[in-house]
Amino acid sequence: MICSKCNTELPDNAVCCWACGKKVITERKHRKRSNGTGSITKLSGNRAKPWIARKNDVYIGSYATRVDAQKALERLTDIDINEKFNYTFKQVHDLWLPEHERTIGEHGKGNYKTALNNCQELHDLRFRSLRTSDFQKVIIRLEEKGLSKSSCEKVLQLFGQLSDWAIREGICQTNYARFCTITAEQKSKGQVFPPEAIAAIKESKLEAAKVVLVLLATGCRGNELFTVPLSNCFSRYFIGGSKTSSGKNRVIPVAADGLMAYQAILTEAKSRGGKLFIDGYNGNKTYANFAKREFKELMNEIGLEGYTPYDCRHTFTTQAIRAGIDKQTLRRILGHADLSTTDKYYTHLDLDDILNAVDYLDLNSAVSNKLVTQSAIAKII
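Just so you know, the residues in each chain are numbered from 1, in the order the chain's sequence is written. This being a predicted model, a pLDDT of at least 70 is required before a residue's local features are given, and a value of 80 or more before pairs of side-chain atoms are given or counted; all residues contribute to the totals for chains, interfaces and linings. Side-chain descriptors were evaluated using all non-hydrogen atoms of the structure, hydrogens and water having been removed beforehand.

Enquirer: Quick one: what's the story with the nonpolar core, residue by residue and with numbers?
Expert: What makes a nonpolar core is a set of buried Ala, Val, Leu, Ile, Met, Phe, Trp, Tyr and Cys residues whose side-chain atoms join them at distances within 4.5 Å. To sort residues, take the accessible area from a 1.4 Å probe on protein chains only and compare it with the maximum for the residue type: under 20% means buried, over 50% means exposed, and anything in between is partly exposed. Membership of the largest hydrophobic core comes to 39 residues, with the highest contact counts inside it found for F193, I201, V211, L225, F238, Y262 and M299. Listing elements by their share of this core, those giving two or more residues are helix 6 (195–203), helix 7 (208–218), helix 9 (256–271) and helix 11 (294–302). Ranked by the residues each element gives to this core, the list is headed by helix 7, at nine residues. Residues are treated as being in contact if the distance between any of their heavy atoms lies within 4.5 Å. Ignoring anything within four residues of it in the chain, the contact list for F238 reads T218, C220, L225, V228, N232, C233, R250, V251, I252, V254 and Y262. A run of H or I in DSSP counts as a helix once it spans at least four residues, and a run of E counts as a strand once it spans at least two, with each numbered from the N terminus.

Okay, here's the thing in structure tokens:
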């Protein structure tokens, strides 16, 4: 030990300097922390962050000063600290998934698996340490990579779901994912089959034409049609669905244009003793193979390029709006939880549709409210 005033070497137990009389200042002992408030220890050696904070034997973090460690423990005063506190992003996901996948179909499970693979840089990080900037960096990387808006939205949805679960379990206190933004554009916006193409499909002798007509007449997703049990099929409708709770086990009616094709497949499935509706179809029984092969063959026959089976759903929705079907009824048929989804993504009205929808409407309303006269209407017409 060295005297701070005259630099004289002193014994370790010295109270003052024998040469100059300077009192030796020893390091002040800190008061012991109360039970349950955590502990602070200092690691030996030259470290940037030697102060370690723990609570309930759970590592909280390392800090540059004792004050920083104390503040960290104070922030956790009313929080129950357990072994989950230091779980990584991947560990949180693995605990959350069994709970969530009980409420979603196989398609939804696949989407979450893809989303998890798209954010591997977060897997080994402590979930409680993640902030908006960490989530946003992943989204920006995916956008720069060229992923579509829907793909980025699925990743962000995963972040939000995990954050809500972590808040519930006391791992973190804020859902930082909700502050993220997405600027990527939706690559596939859906298309509507032109009338002449639908007419050509009706005339086609290919087996795939029957399936496409049913898709056009119901607006259901392809994987829904290919997995609906035969026991859920009736003469003019079937009960099926996928994805959200709003989409499952819903009544899906078959419009007149596809009713004959639907009943032909249904009759054949029953005669074969099939278990699924699609067992009555003489082709691929899996939706993915149907889309890659038979659907493309049909599109080549009628001379239509760039269309997918999912465009049948867009076509059905647009035609239903044109026909004046109630939007809430249409939402239930399509299995959308929110009407905005139906309006935003599945309705493709052109200028003529919009003009036809308001023809005379405003004028007749104005007359009923005595805002204009019949003679004024005659001049306009």
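Enquirer: Give a description of the sheet that holds strand 3 (residues 58–63) that names residues and reports values.
Expert: We call two strands paired when DSSP finds no fewer than two bridges between them. Strand order in the open sheet made by the three strands is 1-2-3, with antiparallel pairing throughout. The open sheet has two edge strands, strand 1 (39–42) and strand 3, and neither has a second partner. Geometrically, the sheet is characterised by an average inter-axis angle of 25° between neighbouring strands, direction not taken into account. Sheet topology note: the strand 2 (residues 51–55)/strand 3 ladder contains five bridges and is antiparallel. From the neighbouring strand, W51 faces strand 3, where its bridge partner is Y63. A fitted line through C-alpha atoms represents every axis, and for helices the fit uses only the stretch in contact; the resulting angles, taken between N-to-C directions, go from 0 to 180 degrees.

Enquirer: Mind laying out the packing of helix 6 against helix 7, listing which residues take part and the relevant values?
Expert: Direction vectors running N to C along helix 6 and helix 7 enclose 135°, while the axes themselves pass 9 Å from each other. Between helix 6 and helix 7, the crossing angle belongs to the class labelled oblique. The crossing of helix 6 and helix 7 is left-handed. Along its contact with helix 6, which presents I198, I201 and K202, the element helix 7 presents A209, V212, L213 and L216. An angle counts as roughly parallel when it lies under 35 degrees, as roughly antiparallel when it exceeds 145, as roughly perpendicular when it falls between 65 and 115, and as oblique in every other case. For a crossing to be left-handed, the near helix must be turned anticlockwise from the far one by less than a right angle; the clockwise case is right-handed.

Enquirer: Please set out the side chain of N175 residue by residue, giving values where relevant.
Expert: Relative to the elements of secondary structure, N175 occurs in the loop between helix 5 (149–168) and helix 6. Classification of N175 by relative accessible area gives buried; the value is 12%. A distance of 3.1 Å separates a polar side-chain atom of N175 from the backbone nitrogen of A177. Think of a polar contact as two N or O atoms within 3.5 Å of one another; within protein, one of them needs to be a possible hydrogen donor and the other a possible acceptor, and neighboring residues in sequence only count if both atoms come from side chains.

Enquirer: I'd love a proper account of helix 2 (residues 89–100), names of residues and values included.
Expert: If you check helix 2, its first and last C-alpha atoms are 16 Å apart, about what twelve residues at 1.5 Å a residue would give, namely 16 Å. Of the surrounding secondary structure, the elements contacted by the buried residues of helix 2 are helix 3 (106–117), helix 4 (132–145) and helix 5. The length a helix should cover is 1.5 Å for every residue beyond the first.

Enquirer: Help me get a handle on unusual backbone geometry, residues and values and all.
Expert: Positive phi values are uncommon outside glycine, yet N7 reaches one of about 65°. For N7, the location among the structural elements is in the segment before strand 1. Owing to a relative accessible area of 59%, N7 belongs among the exposed residues under this scheme.

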